[in-house]
Amino acid sequence: MQTPCFTVIAADDHPVVLSGIRLVLRGARDFNLLAEAEDGESTLAAIRKNVPDLLVLDLWMGKNDGIELLRSIHEEWPSIRILVYSMNDECHYGIRALRAGAAGYLMKSHGLDELLRALRTVAAGGRHVSPVLAEELIVKGLHPRSDHSKPNSLSMLSDREIQILRLIGKGLTTAGISKELGISVKTVGTHRENLKNKLNVGNSATLVQKAILLVESHVL
């Protein structure tokens, strides 16, 4: 019986990571790498040119908000099975990615063998999550509002608030964030105030320090 061959597009802004994905796929008979992309725009262009069976997607490529990109791809091309391959905290971003339409989430700290297993699981129609993320999903599913469960404050943030917090951590000012996201300075200011309240920080300086720490530790 002939082994099915699944077409793949790999999207990541790190050449070394793309090289690793390329190596894995070329060594597997059941995958065919159609194209590589380094940002949201080139990812969408590659998909429009040739819709793949699978998309290996980094969440943060340059200025792109990975969750929004993931959601838009899933909505426009629901047949594409998306595996998020990221260095960001799986217990936070994994849940968001799955809700946005991903079929799996794998942290880059895992080896290439695990990447191949994840690709095959997703290609076969399954979901790939680590035991840690699976437990997190079960806990949130069974106890969404349990008084015994103290959710991470980041889980209270909207996707837009996460996006703005990440940009704060990267050093952008309110005006810079406004220009980057195409929203008003007033709207950014409102989000900053909401972030301070939700994260329980007293002032803007502390918010910036917290954001920088989260970005540098790859939580954001």
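Here the structure is shown first, and the text comes after it.
Reading guide: rules and limits
- Starting afresh in each chain, residues are numbered from 1 along the sequence in its written order.
- Restriction of local features to residues with pLDDT of at least 70 applies here, the model being predicted, together with a cutoff of 80 or more for giving and counting side-chain atom pairs; totals for whole chains, interfaces and linings are based on all residues.
- Just so you know, side-chain values use all the structure's heavy atoms and leave hydrogens and water out.
- For this analysis, a nonpolar core means a set of buried residues of the types Ala, Val, Leu, Ile, Met, Phe, Trp, Tyr and Cys, connected via side-chain atoms within 4.5 Å.
- Only protein chains enter the calculation, and the probe is 1.4 Å; a residue is then buried if its accessible area is under 20% of its type maximum, exposed if over 50%, and partly exposed in between.
- Two residues form a contact once any of their heavy atoms are found within 4.5 Å.
- Two rings from Phe, Tyr or Trp (for Trp, the six-membered ring) form a pair when their centres are within 6.5 Å of each other. A pair whose planes differ by under 30 degrees is stacked, one over 60 is edge-to-face, and the rest are tilted.
- Segments assigned H or I by DSSP are reported as helices when at least four residues long, segments assigned E as strands when at least two residues long, and all are numbered from the N terminus.
- The term salt bridge refers to a pairing of a side-chain nitrogen on Lys or Arg with a carboxyl oxygen on Asp or Glu at a separation within 4 Å.
- Following DSSP output, two strands are said to pair if at least two bridges run between them.
- Angular values range over 0 to 180 degrees, each being the angle between N-to-C directions of two axes fitted as lines to C-alpha atoms, with helices fitted over their stretch in contact.
- By definition in this entry, angles of less than 35 degrees are roughly parallel, angles greater than 145 are roughly antiparallel, angles of 65 to 115 are roughly perpendicular, and the rest are oblique.
- When the near helix sits turned anticlockwise from the far one by under a right angle, the crossing is termed left-handed; a clockwise turn instead gives a right-handed crossing.
- All residues other than Ala, Val, Leu, Ile, Met, Phe, Trp, Tyr, Cys, Pro, Asp, Glu, Lys and Arg, Gly among them, are scored as polar; the first ten of these are nonpolar and the last four charged.

### Side note on the nonpolar core
Part 1 of the reasoning: Core analysis: the biggest nonpolar cluster contains 45 residues, and L55, I73 and L165 have the highest contact counts within it.
Part 2 of the reasoning: Not counting residues up to four positions away in its chain, the partners in contact with I73 are T43, L44, I47, L55, P78, I80 and I82.
Part 3 of the reasoning: Among the nonpolar cores identified, the runner-up in size contains 21 residues, and V8, V24, A28 and A123 belong to it.

### Notes on the packing of aromatic side chains
Part 1 of the reasoning: Enumeration according to the criterion identifies 2 aromatic pairs in this entry.
Part 2 of the reasoning: Plain terms: the ring middles of F6 and F31 are 6.1 Å apart, the flat faces sit at 40° to each other, and that makes the pair tilted. One end of the pair, F6, is in strand 1 (residues 6-11); the other, F31, is in strand 2 (residues 31-37), and 25 residues separate them in sequence.
Part 3 of the reasoning: Looking at F6, the relative accessible area reads 23%, which means it is partly exposed.
Part 4 of the reasoning: Among the residues examined, F31 registers a relative accessible area of 6% and is labelled buried.
Part 5 of the reasoning: Their ring planes at 85° and their centres at 5.8 Å tell us that W60 and Y93 sit as a pair that is edge-to-face. With W60 in the loop between strand 3 (54-57) and helix 3 (66-76) and Y93 in helix 4 (residues 90-100), the pair connects residues that are 33 residues apart, well separated along the chain. Like Y93, W60 is buried.

### Focus: the pattern of salt bridges
Part 1 of the reasoning: One pass over the structure, following the stated rule, counts 8 salt bridges.
Part 2 of the reasoning: Across the pair D58 and K108 runs a salt bridge whose closest N-O atoms are separated by 3.5 Å. One end of the pair, D58, is in the loop between strand 3 and helix 3; the other, K108, is in the loop between strand 5 (104-107) and helix 5 (112-123), and 50 residues separate them in sequence.
Part 3 of the reasoning: Owing to a relative accessible area of 3%, D58 belongs among the buried residues under this scheme.
Part 4 of the reasoning: Note on K108: relative accessible area 18%, which makes it buried.
Part 5 of the reasoning: For K196, the salt bridge goes to E193, with nearest N and O atoms at 2.9 Å. Taken together, the residues span about one helical turn, with K196 and E193 both in helix 9 (residues 185-199) at a distance of 3 residues.
Part 6 of the reasoning: We classify K196 as buried; its relative accessible area is 12%.

### Some remarks on the sheet that holds strand 3
Part 1 of the reasoning: Taken in spatial order, the 5 strands make up an open sheet running 2-1-3-4-5, and their pairing is parallel. Every interior strand has two partners, whereas the edge strands, strand 2 and strand 5, have only one. The average angle at which neighbouring strand axes cross in this sheet is 20°, direction not considered.
Part 2 of the reasoning: For strand 1 and strand 3, the ladder comprises 4 bridges, and the chain directions are parallel. Its bridge partner lying in strand 3, A11 is registered against L57.
Part 3 of the reasoning: Lying on the sheet, helix 4 is in contact with strand 4 (81-86) and strand 5; it crosses strand 5 at an angle near 155°.
Part 4 of the reasoning: Packing of helix 5 onto the sheet brings it into contact with strand 1, strand 2, strand 3, strand 4 and strand 5, and relative to strand 4 it is tilted by some 160°.

### What to know about the packing of helix 3 against helix 4
Part 1 of the reasoning: Interhelical geometry of helix 3 versus helix 4 gives an angle of 25° and a closest axis separation of 8 Å. Classed by the angle they form, the pair helix 3 and helix 4 counts as roughly parallel. Seen from above, helix 3 lies across helix 4 with right-handed handedness. When helix 3 is examined against helix 4, the residues I67, L70, R71 and H74 are found in contact with a partner set consisting of Y93, R96, A97 and A100.
Part 2 of the reasoning: Within the contact of helix 3 with helix 4, the residues separate by chemical class into 5 nonpolar, 1 polar and 2 charged.

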